Amino acid sequence: MGYRTLLRDHRGLLGIAFLALFTSSLGQSFFIGLFQAPISERLGLSAGQFGSAYALVTLVAGFAMLRLGPSIDWIPPRRFAMLVLGTLLIGVLLLTLAPWWGLGLLGLGLVRLCGQGMMTHLGNTLAGREFVAMRGRALGLVSMGIMLGETALPPLMAALLVWLGWRELWWLFVLVLAGLWIPLLVRGPWPGAPGLRPQRGQRRDGPRPFRDPRFWRLLPLLMILPVTMTGLFIYQARMTADLGSTLGVYALALTGMGLAKLPGALLGGRWVDRLGPVRLARLYLLPFALALVVALAIGGHAGVWALMVGGGLAMGSQEPIATSLLVRLWGAEHLGTVRATLSACMVFSTGIAPAILGVALDLGADFSLVLGGMLVFLVIGWTLAQGVLASPEAKGP
């Protein structure tokens, strides 16, 4: 079955998951970063104080994901979506209207938790759990919700800021999202919960990823792209200077990365269904590995373009591969628990990695050394995962 047939037969469920991932834009770093200056001014924080506060609320959101994310395995998805959307609305109202900076930071934390965290969790878990033979294609399609947000929202928000203030713009975006969500909440083809809620005091059945050696051996492989690409985004000025390029070239290459995500997602989803997630897990980082080699060997404009395009291809294909692999190893009925744990680990790592890279750069390390460290991290993560990928559980029937 191709993408056209999949859309024709399952457009309702795919639309819910796609909209969830698009809605996650409200809490994504790229969207909040567009309004960093006015938000900082409203909260009375300097740029450095805002960065520290942002890192703090992100880490707290990661811990909350560990606690709240698994509930999608027993709470009906429609109710889960309503709870997350309601909390997201409260977060936006606190962030834009709170008279005290503490309440404003609470709002920012709720936006991060429910936007980037729980809405992404909802969309990917629905697509990964409700589709079987077409799981890879479904995940590839719905992941374009994030790509649409990353591509369309920055220029659109920049244009609308000419006529609207940042708070009015946030309220307008929330109204647009409400207009899209209400029909789906009322008439959408929502599936039921796969399991029952654990009784109070009862030990929860299912996997415990932190106690499973397979999870720890697989984790570095799945964290390579979030960690390294976060470093490249944050230290873009130092990267372009040390490689002999410019920020103008980086900006164009960033657009190339967004375009490269599309074939990465669509082809990755198709190949997951045809070849299985295990084979793809061994190969999908190859474009980024080659990009790191090109950046180290050649540098310059070509190196920057290679990093962005190679990273985009790999990032586009990661979600269909990773989620399908989690289902293969731990089962679809426990996907919410395992994905919540993985998401929390990624939040922690992407919060800590920039600090580690910043220390290395402050100590005088050239960015080529940082890129070399990223390549070593990639090789180590790939090597550690091979035992898990070769296990009977990963190979499946």
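In this text the structure is predicted, and so the values were computed from the model without any measurement.

Caption draft 1: Structural context of the overall build of the protein. Counting secondary structure elements, the protein contains 18 helices and zero strands. Relative to the compact-globule value of 21 Å for 397 residues, the protein shows a C-alpha radius of gyration of 21 Å, a close match. Along the first, second and third principal axes, the C-alpha set of the protein runs to 55 × 55 × 45 Å. Looking at the protein as a whole, 53% of its 397 residues qualify as buried.

Caption draft 2: Up close: the packing of aromatic side chains. A full pass over the atoms with the stated rule returns twelve aromatic pairs. When the centroid spacing of 5.8 Å and the interplanar angle of 55° are considered together, the rings of Trp-100 and Trp-101 count as tilted. For Trp-100, a relative accessible area of 51% corresponds to the exposed category. Between Phe-215 and Trp-216, the ring centres sit 6.1 Å apart and the planes meet at 80°, which makes this aromatic pair edge-to-face.

Caption draft 3: Fine view of helix α3 (residues 36–43). Within the span of α3, buried status applies to Ile-39, Ser-40 and Leu-43. End-on view of α3: buried residues confined to an arc of 100°, all on one side of the axis. Seen from the buried face of α3, the exposed residues on the opposite side, beyond 90 degrees, are Ala-37 and Glu-41. In the segment just after α3, Gly-44 is the residue with positive phi, at about 70°.

Caption draft 4: Inspection of the packing of helix α5 (residues 77–97) against helix α9 (residues 166–187) at higher detail. For the pair α5 and α9, interaxial distance at closest approach is 11 Å and the crossing angle is 170°. With respect to each other, α5 and α9 are oriented roughly antiparallel. The handedness of the crossing between α5 and α9 comes out as left-handed. For the pair formed by α5 and α9, the contact residues are Arg-78, Ala-81, Met-82, Leu-85, Leu-89, Val-92, Leu-95, Thr-96 and Leu-97 on the first element and Trp-166, Arg-167, Trp-170, Trp-171, Val-174, Trp-181, Leu-184, Leu-185 and Val-186 on the second.

Caption draft 5: Spatial organisation of the pattern of salt bridges. Considering all chains together, one arrives at seven salt bridges under this definition. Between Lys-261 and Glu-150 there is a salt bridge whose closest N-O contact spans 2.7 Å. Separated by 111 residues along the polypeptide, Lys-261 in helix α12 (residues 247–275) and Glu-150 in helix α8 (residues 144–160) bring together distant segments of the chain. Between Asp-212 and Arg-214 there is a salt bridge, with the nearest N and O atoms lying 2.9 Å from each other.

Caption draft 6: Here's a closer look at the nonpolar core. Core analysis: the biggest nonpolar cluster contains 56 residues, and Leu-218, Leu-232, Phe-288, Leu-307, Met-308 and Leu-371 have the highest contact counts within it. Listing elements by their share of this core, those giving two or more residues are α10 (213–234), α11 (236–243), α12, α13 (277–283), α14 (286–297), α15 (300–330), α16 (335–362) and α17 (367–389). At twelve residues, α15 tops the list of elements feeding residues into this core. Among all residues touching Met-308, those that are not within four sequence positions of it are Met-229, Leu-232, Phe-233, Tyr-250, Ala-253, Leu-254 and Met-257. Of all hydrophobic cores here, the second largest spans 51 residues; its members include Phe-35, Ala-61, Cys-114 and Met-118.

Caption draft 7: Looking closely at α11. Buried within α11 are the following residues: Met-239, Thr-240 and Leu-243. Angular distribution of buried residues about the axis of α11 spans 90°; they occupy a single face of the element. Looking at the packing, one finds that the buried side of α11 touches α10, α12, α14, α15 and α17. Phi for Gly-244, located one or two positions after α11, is positive at around 80°.

Caption draft 8: Geometry of the side chain of Ser-25. Of note, Ser-25 is situated in the loop between α1 (3–23) and α2 (29–34). Overall, Ser-25 belongs to the buried group, its relative accessible area being 1%. Those residues within four positions of Ser-25 in sequence are excluded, and the remaining contacts are Phe-30, Phe-31, Gly-149 and Leu-153.

Caption draft 9: Layout of the packing of helix α6 (residues 101–130) against helix α7 (residues 135–142). The N-to-C vectors of α6 and α7 enclose an angle of 160°; their axes lie 8 Å apart at closest approach. On the basis of their axis angle, the class for α6 and α7 is roughly antiparallel. Regarding α6 and α7, the two cross each other, and that crossing is right-handed. From α6, Asn-124, Ala-127 and Gly-128 reach across to α7, where they touch Arg-135, Ala-138, Leu-139 and Val-142. Its residues assigned to classes, the contact of α6 with α7 comprises four nonpolar, two polar and one charged.

Caption draft 10: Summary view of the side chain of Arg-135. Of note, Arg-135 is situated in helix α7. No salt bridge is formed by the buried Arg-135. Its closest oppositely charged neighbour is Asp-273, at 7.1 Å. A polar side-chain atom of Arg-135 sits 3.0 Å from the main-chain carbonyl oxygen of Phe-131. The contacts of Arg-135, once residues within four sequence positions are left out, are Ala-127, Gly-128, Asp-273, Ser-324, Val-327 and Ala-332.

Caption draft 11: Quick peek at the environment of Leu-325. On the secondary structure map, Leu-325 appears in helix α15. Considered as a pair, Leu-325 and Leu-218 are 107 residues apart in the sequence and their alpha carbons are 10.0 Å apart. Setting aside residues up to four positions removed in sequence, Leu-325 forms contacts with Leu-218, Pro-277, Val-278, Ala-281 and Leu-389.

Rules and cut-offs
- Residue indices begin from 1 for each chain and proceed along its sequence in written order.
- Reporting in this predicted model follows two pLDDT cut-offs: at least 70 for local features of residues, and 80 or more for side-chain atom pairs to be given and counted; totals over whole chains, interfaces and linings ignore these cut-offs and use all residues.
- The side-chain figures draw on all heavy atoms in the structure; neither hydrogens nor water molecules are used.
- Helix and strand assignments come from DSSP, with helices taken as H or I runs of at least 4 residues and strands as E runs of at least 2, each series counted from the N terminus.
- Restricting the calculation to C-alpha atoms gives the radius of gyration, and the globule rule supplies 2.2 Å times the number of residues raised to the power 0.38.
- With a 1.4 Å probe rolled over the protein chains alone, any residue whose accessible area is under 20% of its type maximum counts as buried; one over 50% counts as exposed, and the rest are partly exposed.
- Pairing of aromatic side chains here covers Phe, Tyr and the six-membered ring of Trp, requires ring centres within 6.5 Å, and sorts the geometry by plane angle: under 30 degrees stacked, over 60 edge-to-face, intermediate tilted.
- By arc we mean the arc of the directions from the helix axis to the C-beta atoms, nothing more.
- The axes used here are C-alpha line fits, helices contributing only the stretch in contact, and every angle between their N-to-C directions lies in the interval 0 to 180 degrees.
- Any angle that is under 35 degrees is reported as roughly parallel, and any over 145 degrees as roughly antiparallel; angles of 65 to 115 degrees are reported as roughly perpendicular and all others as oblique.
- Definitions for this section: a left-handed crossing has its near helix turned counterclockwise from the far helix by less than a right angle. A right-handed crossing has that turn clockwise.
- Note on definitions: a residue-residue contact is assigned when non-hydrogen atoms from the two residues lie within 4.5 Å.
- Just to be clear on terms, a salt bridge is a Lys or Arg side-chain nitrogen sitting within 4 Å of an Asp or Glu carboxyl oxygen.
- To qualify as a nonpolar core, a set must consist of buried Ala, Val, Leu, Ile, Met, Phe, Trp, Tyr and Cys residues joined through side-chain atoms within 4.5 Å.
- Residue polarity follows a fixed list, in which Ala, Val, Leu, Ile, Met, Phe, Trp, Tyr, Cys and Pro are nonpolar, Asp, Glu, Lys and Arg are charged, and the others, Gly among them, are polar.
- Note on charges: Lys and Arg go in the positive column, Asp and Glu in the negative column, and His and the chain ends are not counted at all.
- Whenever two N or O atoms come within 3.5 Å, that pair is a polar contact, provided that in protein one can donate a hydrogen and the other can accept it, and provided that, for residues adjacent in sequence, both atoms are side-chain atoms.

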